[in-house]
Amino acid sequence: MAVGQQAGRPPLRTHQRLALTALEQAWAAGRRRAWTVLPPGAGKTRVGLETAEALLASGEIERVVVLGPNTAIVGQWEAQAASLDLALTAWTYQAVALFDPDAEVDEQGEEQSQVARLHENGRARVEELRAAGPLLLVLDECHHLLEVWGRLLAELLADLPDARVLGLTATPPAALTREQAELVDTLFGGTVFEASIPAVVREGDLAPFAEVVWLVQPTPHEAAWVDSSAERFAELVAALADPSFGSVPFLEWLNRRLVERSASGAATRADASWARLAAAEPALADAALRLHHAGMLTLPPGARPTEEHRRDPSADDWVLLVGDWATGHLLRSEDPADAAALEGVRRALPAVGHVLTRNGVRRGRSPIDRALARSEAKTHAAVEIARVEQQALGERRRLLVLCDHESATATLPVDLRGVLSEQAGSAHAVLAALVSDPAGSDALLVTGSTVAGGVPTLERLVAHVATTDAGLAASLRVSPEPTVPGGAVHRLEGPWTSRRWVPHVTRFLEQGGTTVLVGTRGLLGEGWDARSVSGLVDLTSVTTTTAVVQTRGRALRTDPTHPDKVAVNWSVVCVSDRHPRGDRDWLRLVRKHAGFFGVDADGEVVDGVGHIDPAFSPYAAPPDSEVDAVNARMVLCAEDRAGIRERWRVGEPYADRPGRTVRVRPRRAGTVGTLATPVPVAVRLAGLEPRTPVPQATPGGPVLGGGALLAGVLGPGLDLPVVALVVLTVALVAALLLRRTTLAGRGRALVAAGAVPPSVEQVAGAVADALHDCGLVGAGAAALAVEVDASGEYRCRLAGVPEPESEVFARALDEALGPVLSPRYVVPRHLLLDRPRPTSELVAAARGRLLEPDGTVWHPVPTVLGVRAERAAAYARAFDHWVGGGEAVYTGSPEGAGVLAAQRGSDPFDVATVMRRHWT
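Residues numbered from 1 in each chain as written. Predicted model: local features only at pLDDT ≥ 70, side-chain atom pairs only at ≥ 80, totals over all residues. Heavy atoms only, no water.

A. Structural context of the overall build of the protein. Scanning the protein from N- to C-terminus turns up 33 helices and 28 strands. Sorting the 920 residues of the protein into buried and exposed places 51% on the buried side. Long-range contacts, defined as pairs at least 24 residues apart, comprise 74% of the intrachain contacts of the protein with a sequence gap of at least 6. Put simply, the protein shows about 39,400 Å² of open surface, and 55% of that area lies on carbon and sulfur atoms. (Helix = DSSP H or I, 4+ residues; strand = E, 2+ residues; numbered from the N terminus. Buried < 20%, exposed > 50% of the residue type's maximum accessible area, 1.4 Å probe, protein only. Contact = heavy atoms within 4.5 Å. Areas by Shrake-Rupley, 256 points an atom, 1.4 Å probe, with all protein chains shown as cover.)

Below you can see the structure in the form of structure tokens.
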């Protein structure tokens, strides 16, 4: 019987089967190590156990050892292995990676290996592995090893050259750092199999879900502190525009420094100079472009602002630029004006978490970050979300609320004393708020040290425990005193630990004893499973992709009792546009969703905050004025569970391939057309070849037939030749006039069509074909996918190619639609104006004769196509085919330099573009 189909076992899921097939092929090819990626809930444990069973049966191994990050995961392996009657040994990583603090160096003072530094218990585990014989070592959630014990893992695997090693993780390769990816490639030879969360959702093995956000602003008490904190920095920013602030004004200094830094080196072209500066000092270049957006700096030659630059400078931008001014000039000057400016800088920087020292600006404490992360408004938001979920789901609600910590242990900074309460942001504070509201009165708190809730809920929990463990239930009691005097929260006391109470509380939640469970990410995150969880409220500040995937994974399990389950995951974010660092919490949200795919309102699966709301930008938080409107949209989304499921299109085919999309929004009407095919206009401008054959008029045979008919009617009494001559003359004149009128009409229509600006699709077709002709992508315009949404925004991508090629296309199209700045090559597009024209000119147009253009517009050749003349020529040919143009002109030539001088800064299409990562 095939693996996974033994009697009594559930059938393998699609991605489990694919993963096992890939592993079987890898072992057969001689690999001894394999790295496999499956999302939380996709069944990694089953894959590991099936692999172990197959290798044991074949005699290739004699023992199975599993390492996992915590006792919960280790317990899952032990329980599932027992159900399969499979013997294995399971340890936590900490059981092995326990280091002796006194063993960093040997007796000669040399640094010791990682294995030699292990505590004796850890070394004993390693020795046991060495002596185990043919072995399968399973590393579950092995991203932990990369993050903490990468060197130890390398040494450990080097000591086990004959072992089979299976790495299992939910962290996608794209989320690994460069060092981690290199380590995976070195130790495992790359990824054997990978499945994404969207793929498993599309299969129906994870629940469809939506990511939504609840925005809050600081409470009035917190806002007063925020305003006072921002005041000094706002004064500094205003002073920086004053030419009398310092002996060398800030903006003059910045312009000078940009010129110096971009001009250093051998390159003389403006684009090369700016590109070198942007590569060497990207933060400085980005800050300067945002200062340009704010109208305080001219656009540096060669620079091209993109989405991330189309906003005002952030606090970090100001700190960087002001720090350069201070260290490069103010600290070296003895001018009294500079001393006053320096003092203004020194007084303002602490408001944004920096201090000025004799050696320059360094990062200090940032109270605003903590004020936003622990704002009491977030606690109130958790209650509002509980109310929304209750209205949407009723008794089916199973809401998980995750916090960073159970209770505050660190003392608040002096700046925040009296601003935040000591327990702000803690799980206990959230529980107290929930229990005091009807929407969360049944909420329960479970942590590594506490079970707490309202008295009725705790009494129900004790009764629940009694159904399976009467002895334990008899030893439990509800504390008579509340955790806070006058409060409604009590603790459940008794002789038990989290290893015993977490399973009881989980079953209590599954059965509806509580519908809101509050806990910490450490306990109810990785390794904890409750299939009925209907949604998540994320109050944590962790931002790694690994942590985000794991926390979201708690809600994505399918629920056999409710096959139509749809999960909604809420992120609570505090924003304030009244402080220069009021976007700190928003940027945490951005980091959480970078690399995490979700479905957007149009049914497109994209990563980043764009799948929460298409209006969201990763570079700027929504202004305070939009908070209520955003929350209203989020509530509507959360209530429409059926719509969320429909947008995921569960069961439809998919490629499980990421790519890049360019989103194009015209800034004003008339700058781009709507044609989706190569330019169809028969009108040719001087110097261009005809595209479309012009139909020719049919000779006037029917007219002669008309003359004969007339002669027959008039009878034989007239001179037939004379009549025929008259009639023929009249008919020919009429035919000529008719034909001229027809041709003029056709010419007028063709000229009008020629006056329509090219469409986004036409430019995209030119880019795709040129890239394909140059061998830079595997498909041309035939693989283009262009959609237009209800708002008029274009979404363009090159389908069916690997993500790197998709990104090449997206960046090239972004540049092709952009303004003329400092390209190496440009291509012309000759203009026709839809204006009154002489009939002779319109007739000539209809006959395909060449016309003089009314003007010429120049467009940049994308950088990747402008590096060599051959590529630029390929783009010119494709542009000529799709749009209509001429030969590419090198801007380093006299002719090209003149064109560039006249056209620099022009923006023919005048569109706003952003790039997003999508899933196919």
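B. Quick look at the pairing of strand E14 (residues 490-493). Only one face of E14 is covered, namely the face carrying His490 and Leu492; the face carrying Arg491 and Glu493 is uncovered. Pairing between strand E12 (residues 451-453) and E14: two bridges, direction antiparallel. Each bridged residue has a counterpart across the sheet, and for Ala452 the counterpart in E14 is Arg491. Here strand E13 (residues 477-478) pairs with E14 via two bridges, running antiparallel. Its bridge partner being in E14, Arg477 is matched across the sheet by Glu493. (Pairing = 2+ DSSP bridges.)

C. Structural view of the packing of aromatic side chains. Following the criterion strictly, the structure yields twelve aromatic pairs and no others. For the pair Phe250 and Trp325, a centre-to-centre distance of 5.7 Å together with 70 degrees between the ring planes defines the contact as edge-to-face. One end of the pair, Phe250, is in helix H11 (residues 250-263); the other, Trp325, is in helix H14 (residues 315-328), and 75 residues separate them in sequence. Residue classification places Phe250 among the buried positions, given a relative accessible area of 0%. With 5.7 Å between their ring centres and 45 degrees between their planes, Tyr875 and Phe879 make a pair best called tilted. Taken together, the positions of Tyr875 and Phe879, both in helix H32 (residues 869-882) and four residues apart, correspond to about one turn of that helix. Look at Phe879 and you get buried, because its relative accessible area is 1%. In textbook terms, an aromatic cluster arises when at least three aromatic residues are bridged by ring pairs, as seen for Phe245, Phe250, Trp318 and Trp325. (Phe/Tyr/Trp six-rings, centres within 6.5 Å; stacked < 30°, edge-to-face > 60°.)

D. Summary view of the layout of surface pockets. Of the pockets and cavities examined, the second largest pocket occupies roughly 720 Å³. Along the wall of the second largest pocket there are 29 residues; nearest its centre are Gly43, Thr45, Gln80, Asp529 and Arg531. Sorting the residues of the lining of the second largest pocket by element identifies helix H2 (44-58) and helix H3 (71-83) as the ones contributing at least two each. Here the residues of the lining of the second largest pocket are counted per class, giving seven nonpolar, ten polar and twelve charged. (1 Å grid on protein atoms, 1.4 Å probe; cavity = no way out; pocket = protein on both sides within 12 Å on 5 of 7 lines; lining within 4 Å. Points joined across faces, edges and corners; volume = space filled by probe spheres on them. Nonpolar A, V, L, I, M, F, W, Y, C, P; charged D, E, K, R; others polar.)

E. Looking closely at the confidence of the model for the protein. Scored by pLDDT, the protein comes out at a mean of 85, with 86% of its residues at no less than 70. Here residues 679-715 scores under 50 on pLDDT; set against residues more than four positions off or in separate chains, the count is 62 contacts. (pLDDT = per-residue confidence, 0-100.)

F. The environment of Pro560, seen in detail. Its location among the elements puts Pro560 in the loop between helix H23 (545-553) and strand E17 (567-574). A C-alpha to C-alpha distance of 8.1 Å links Pro560 and Arg531, two positions 29 residues apart in sequence.

G. Expanded view of the sheet that holds strand E1 (residues 33-37). The strand order E3-E2-E4-E5-E1-E6 describes an open sheet built from six strands, whose pairing is parallel. Bordering the open sheet on either side are strand E3 (89-92) and strand E6 (191-194), each of which pairs with just one other strand. Each neighbouring strand pair of the sheet contributes to a mean axis angle of 20 degrees, computed without reference to strand direction. In terms of strand pairing, strand E4 (residues 135-140) meets strand E5 (residues 164-169) through five bridges, oriented parallel. (Axes fitted to C-alpha atoms, helices over the stretch in contact; angles between N-to-C directions.)

H. Layout of the sheet that holds strand E18 (residues 597-599). The six strands are arranged E18-E19-E28-E20-E23-E22 in an open sheet whose pairing can be described as antiparallel. Bordering the open sheet on either side are E18 and strand E22 (784-788), each of which pairs with just one other strand. Direction aside, the axes of adjacent strands within the sheet are offset by 35 degrees on average. The sheet contact formed by E22 and strand E23 (residues 794-798) spans five bridges and is antiparallel. Bridge assignment links Ala785 to a residue of E23, and that residue is Arg797. Relative to the sheet, helix H30 (residues 803-816) contacts strand E20 (658-666), E22, E23 and strand E28 (911-919), its axis offset from that of E20 by approximately 15 degrees.

I. The arrangement of the side chain of Thr379 in detail. You can see Thr379 is positioned in helix H17 (residues 376-393). A relative accessible area of 8% means that Thr379 is categorised as buried. When neighbours within four sequence positions are excluded, Thr379 is seen to be in contact with Gly425, Ala429, Val430 and Ala433.

J. Structural detail: unusual backbone geometry. A positive phi angle, close to 55 degrees, is found at Asp85, a residue other than glycine. For Asp85, the location among the structural elements is in the loop between H3 and E3. Judged by relative accessible area, which is 74%, Asp85 ranks as exposed. In the Ramachandran plot, Asp656 falls in the positive-phi region, its phi being about 55 degrees despite a non-glycine side chain. Structurally, Asp656 is set in the loop between helix H26 (641-648) and E20. Since its relative accessible area comes to 23%, Asp656 is described here as partly exposed.

K. Inspection of the packing of helix H29 (residues 760-773) against H32 at higher detail. Two elements in contact, H29 and H32, have axes whose closest approach is 8 Å; the angle formed by their N-to-C orientations is 145 degrees. For the element pair H29 and H32, the recorded crossing hand is right-handed. Each of Gln762, Val763, Gly765, Ala766, Val767, Asp769 and Ala770 in H29 lies in contact with H32, whose residues at this interface are Ala874, Tyr875, Ala878, Phe879 and Trp882. Class assignment of the residues belonging to the contact of H29 with H32 gives a composition of nine nonpolar, two polar and one charged. (Left-handed = near helix turned anticlockwise from the far one by under 90°.)

L. Inspection of helix H15 (residues 336-348) at higher detail. The terminal C-alpha atoms of H15, which comprises 13 residues, lie 19 Å apart, in line with the 18 Å expected from a rise of 1.5 Å per residue. Capping the start of H15 is the job of one residue whose side-chain oxygen sits 2.8 Å from the backbone nitrogen of Ala337: Asp335. (Expected span 1.5 Å × (residues − 1). Polar contact = N/O pair within 3.5 Å; in protein donor to acceptor, adjacent residues only side chain to side chain.)

M. Highlighting the environment of Glu307. Locating Glu307 in the fold gives a position in the loop between helix H13 (282-293) and H14. Overall, Glu307 belongs to the buried group, its relative accessible area being 15%. Along the chain, Glu307 and Ser617 lie 310 residues apart, while their C-alpha atoms are 8.7 Å from each other. Excluding its chain neighbours within four sequence positions, the residues that come into contact with Glu307 are Ser617, Pro618, Tyr619, Thr913, Val914, Met915 and Arg916. Reaching out from Glu307, the side chain makes a polar contact with the side chain of Arg916 at a distance of 2.8 Å.

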